[in-house]
Amino acid sequence: MTRVLVLYYSTYGHIETMADAVAKGAASIPGTEVTIKRVPELMPEEVALKAGAKLDQSAPIAEPSELADYDAIIFGTPTRFGNMASQMRNFLDQTGGLWAKGALIGKVGAAFTSTASQHGGQESTLLSFHTTLLHHGMVIVGVPYSCPDLTTMDEISGGTPYGASTLAATDGSRQPSAVELRIAEFQGQHVASIARSLSSHND
């Protein structure tokens, strides 16, 4: 079995929804086992509640050490001023031991994101996320233009060649659209397919 981890941080639930779509796409590839986990929240509970954060997410909390157990990892994070959220950064900063052992070298890595606004730093977040994956020696996979929804022009939507994305609106009222969820599903499928091919080749 090719093992794929969808690892995310979500404050208001948008990235959680995208993670489910990514996982659905990955699971559609035969011989793929998909796990969804999240990174820990860093905000104190009272602060998170005051901010309206969604605290009832069902995905279990991941440990940095377990990343080496997967053939591919698809990371999801909201954008914070053009970069990944601090919760995801904190988690990745604990993977130095994996880096020292080269434990993630050759594994497939990908990322998806969300922003409040249409031009809120989606691409800078995804590209800067790739830097960490490259330091780990991972094989980065984005969303190729064989995904027809990347070129949709009849509505405002997320979606980049660097990874799936969604727009949340400044008050969080906008939920991932059908187009954005299809791109997320496509990304999961594409990553799992490549991971399976690499695993077969290494076998």
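As the structure is a prediction and not an experimental result, all values here were calculated from the model.

Asker: Would you explain the UniProt feature "binding site: substrate" (unreviewed entry) in the protein chain in this entry?
Answerer: Within this structure's numbering, the places UniProt gives as "binding site: substrate" (unreviewed entry) are Trp 99. With respect to the secondary-structure elements, Trp 99 resides in helix 4 (residues 96-101). Exposure remark for Trp 99: the relative accessible area of 54% places this residue in the exposed category. If near-sequence neighbours (up to four positions away) are discounted, Trp 99 is found in contact with His 135 and His 136.

Asker: Would you take a moment to explain unusual backbone geometry for this structure?
Answerer: Comment: phi is negative for the bulk of residues other than glycine, and the bulk of peptide bonds are trans. With a phi close to 55 degrees, Phe 81 is a non-glycine residue in the positive phi region. The exposure class of Phe 81 is exposed, given its relative accessible area of 87%. Phi at Ala 169 is positive, roughly 75 degrees, even though this residue is not glycine. Given the relative accessible area of 23%, Ala 169 is considered partly exposed.

What counts and what doesn't
Throughout, residues of each chain are indexed from 1 in the direction in which the sequence is written. Selection of residues for local features in this predicted model requires a pLDDT of at least 70, selection of side-chain atom pairs for listing and counting requires 80 or more, and totals for whole chains, interfaces and linings are taken over all residues. Just so you know, side-chain values use all the structure's heavy atoms and leave hydrogens and water out. UniProt positions are given in the numbering used here, feature names are shortened, and annotations may be inferred rather than shown by experiment. Secondary structure elements follow DSSP: runs of H or I of four or more residues count as helices, runs of E of two or more count as strands, with numbering from the N terminus. Note on classification: 1.4 Å probe, protein chains only; a residue is buried when its accessible area is under 20% of the maximum for its type, exposed when over 50%, partly exposed between these limits. Contacts are assigned to residue pairs that have any heavy atoms within 4.5 Å of one another.

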